[in-house]
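Here is what each chain is made of, one letter per residue.
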Amino acid sequence: MSDHISWHVELQVKPGQLDALRALTSEMVESTRSEPGALIYERFISEDSQIVHVFERYVDPKAAVTHLTAFGRIYGERFAKMVDRKRFTVFGTPTVELREILDPLGATYVAALAGFSRI
């Protein structure tokens, strides 16, 4: 197993916020693209455009902390006005510093059992 840390977040789009969320999502994707520790940064939307699934993977917990710190500062307030977090599952072993950021977001942590990654 690697030091990678990843998460899946399920978000409910607030009424009337879909277009604003699409625009903000494009901005967030472009900004995150330049982060060297970000391996995967993907967004998926349900057929009815009500639920957004977020999948992110970082080389290690330090890269995740760097990302979340910047995200909160730049996008946090706007993002919170557009969605309600339904589920937040973290895969891997977060550091104490990362957990301090994720715990208030309602994160659930799951440890590796078995497997491999080609990333």
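Everything discussed here concerns the structure shown above.
Residues numbered from 1 in each chain as written. Predicted model: local features only at pLDDT ≥ 70, side-chain atom pairs only at ≥ 80, totals over all residues. Heavy atoms only, no water.

### Side note on the environment of M28
The topology assignment puts M28 in helix α1 (residues 18-33). Between the C-alpha atoms of M28 and F55, which are 27 residues apart in sequence, the distance is 13 Å. Once residues within four sequence positions are removed from consideration, M28 is found in contact with Y41, F71, Y75 and F79. (Helix = DSSP H or I, 4+ residues; strand = E, 2+ residues; numbered from the N terminus. Contact = heavy atoms within 4.5 Å.)

### Details of unusual backbone geometry
A positive phi angle, near 60 degrees, is found at S49, a position not held by glycine. Position of S49 relative to the elements: it lies in the loop between β2 (38-45) and β3 (51-58). The exposure class of S49 is buried, given its relative accessible area of 17%. (Buried < 20%, exposed > 50% of the residue type's maximum accessible area, 1.4 Å probe, protein only.)

### Quick look at the sheet that holds strand β1 (residues 5-13)
The strand order β2-β3-β1-β4-β5 describes an open sheet built from five strands, whose pairing is mixed. In the strand order of this sheet, the two ends are held by β2 and β5 (108-110), each with one partner. Recorded for the sheet is a direction-independent mean angle of 15 degrees between the axes of neighbouring strands. As paired elements, β1 and β3 share eight bridges and run antiparallel to each other. In the strand pairing of β3, L11 is matched with V52. Along the sheet, α1 makes contact with β1, β2, β3 and β4 (83-91), crossing β2 at roughly 165 degrees. (Pairing = 2+ DSSP bridges. Axes fitted to C-alpha atoms, helices over the stretch in contact; angles between N-to-C directions.)

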